[in-house]
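Now for the letters of each chain:
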Amino acid sequence: MHSRLARVLSVAAAGLALTCSVAQAQLQLSGRTTGWFTDFGQPNTTVVNAADGSSAWFATGIPYLDSTQSSILFEGQSFTNVGSGDPIHVGLFTITNGITLLGSAAAEAEFQLGLELTSPVSDSLFLSTLTFAIDNTPNGGVVGEGGGVPDSFGVTFVQPAPLKIGDSWVQFSIVYDPLETAVPEGESIVRGDIYVTFTPIPEPSTYALGGALLLVGVVAYRRFRKSGTAAAA
């Protein structure tokens, strides 16, 4: 009796798992990432946002000699038929530490990150606000010859809330590691990715099946105990 009960429950559990995995596998997303920098009108700072959100550029500071401003560049990426656990954007930002006059660059930048979904639904989504803290350090020495003090670019943000698409909860996750990065004078780094995962939402019939399986287990267990007690008597 015990082995029969175990087989019934294991088969039912496998069926439920298969149902959920099929529901999860059916969902795929297509679209593109979007974003805008907030223009606070800071001195020596330029903000350029594409009208459609496909690119955004933040540049700040007075360049020293023939160097460039410090900058953060966002370029949107398209994604097609992305499944659960896959990346939808790798390399959100290109951060450049320009050699600028001390005290001439902004200490903060703010970026609004979003998505334009085209499939299975068409929708504009806001994901999160990313706030960059820029620590401008003295240049010092000769850049490229052991001189120059790296500037620190830190970021803070809140993970997007899950949303319901079709029969699944969809979670977009921003990966930015480490949250604070030292960038050498005159050099650039790339930081930030977005991943997505799906969690199937069980249909009412799935809940009903789970309840029926639980009832079967209880009845079988009671019969097993009853037969065991009778045998012992």
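Structure's up top.
Numbers given to residues run from 1 along each chain, matching the order in which its sequence is written. Local features in a predicted model are, by the rule used here, given only for residues with pLDDT of at least 70; side-chain atom pairs are given and counted only at 80 or more, and totals for whole chains, interfaces and linings are based on all residues. Water and hydrogen atoms were dropped before computing side-chain values, which therefore reflect all heavy atoms in the structure.

### A closer look at the overall build of the protein chain
No. 1: Think of it this way: any DSSP run of H or I at least four residues long counts as a helix, any run of E at least two long counts as a strand, and we number them from the N terminus. Of the regular secondary structure elements, the protein chain holds two helices and 13 strands.
No. 2: Considering the protein chain as a whole, with its 233 residues, one finds that 35% of them fall into the buried category.
No. 3: It only takes one pair of heavy atoms within 4.5 Å for two residues to be counted as in contact. Pairs at least 24 residues apart make up 62% of the contacts formed inside the protein chain by residues separated by at least 6 positions. Three exposure classes are used, based on accessible area relative to the maximum for each residue type with a 1.4 Å probe and protein chains only: buried under 20%, partly exposed in between, and exposed over 50%.

### With respect to the pairing of strand β1 (residues 29-37)
No. 1: Most of β1 sits out of view: seven of its nine residues are buried.
No. 2: In this analysis, strands are considered paired if DSSP registers two or more bridges between them. Across three bridges, β1 lies against strand β5 (residues 78-82) in antiparallel orientation. Within the sheet, the bridge partner assigned to Leu29 lies in β5 and is Val82.
No. 3: Where β1 meets strand β7 (residues 108-119), eight bridges bridge the pair, whose relative direction is antiparallel. Pairing of Gly31 across the sheet is with Leu117, part of β7.

### As for the pairing of strand β4 (residues 70-75)
No. 1: Pairing geometry for strand β3 (residues 55-60) and β4, over six bridges, is antiparallel. Within β4, the residue paired with Ala59 across the bridge is Ser71.
No. 2: Relative to strand β6 (residues 87-96), β4 runs antiparallel, the two being bridged by four bridges. Residue pairing for β6: Leu73 is matched across the bridge by Thr94.

### Describing a nonpolar patch on the surface
No. 1: Side chains of Ile62, Tyr64, Leu65 and Leu101 sit close together on the surface and give an oily, nonpolar patch of about 400 Å² of accessible area.
No. 2: By the element assignment, Leu101 lies in the loop between β6 and β7. Patches in this entry comprise residues that are over 30% relatively accessible and not in a salt bridge; like charges within 9 Å are linked, as are nonpolar side chains (Val, Leu, Ile, Met, Phe, Trp, Tyr) within 5 Å. Working definition of accessibility: Shrake-Rupley area with a 1.4 Å probe, residue cover restricted to the visible protein chains. Salt bridges are defined by distance alone: a side-chain nitrogen of Lys or Arg within 4 Å of a carboxyl oxygen of Asp or Glu.

### Concerning the environment of Leu130
No. 1: Locating Leu130 in the fold gives a position in strand β8 (residues 123-135).
No. 2: On the accessibility criterion, Leu130 (0% relative accessible area) is buried.
No. 3: Note: C-alpha distance between Leu130 and Phe111 (19 residues apart in sequence) is 5.1 Å.
No. 4: Not counting residues up to four positions away in its chain, the partners in contact with Leu130 are Phe93, Ala109, Glu110, Phe111, Leu113, Val155, Thr156 and Phe157.

### Section: the side chain of Asp193
No. 1: On the secondary structure map, Asp193 appears in strand β13 (residues 188-200).
No. 2: The charge count includes Lys and Arg as positive and Asp and Glu as negative, but it does not include His or the ends of the chains. Buried within the structure, Asp193 lacks any salt-bridge partner; its nearest side chain of opposite charge belongs to Arg191, at an N-O separation of 8.7 Å.
No. 3: Residues adjacent in sequence count toward polar contacts only when both atoms are side-chain atoms; beyond that, a polar contact is any pair of N or O atoms within 3.5 Å, and within protein one must be able to donate a hydrogen and the other to accept it. From its side chain, Asp193 meets the backbone nitrogen of Gly91 in a polar contact 2.9 Å long.
No. 4: If sequence neighbours within four positions are ignored, Asp193 has contacts with His89, Val90, Gly91, Leu92, Ser173, Ile174 and Val175.

These results come straight from atomic positions and should not be treated as a statement about function.
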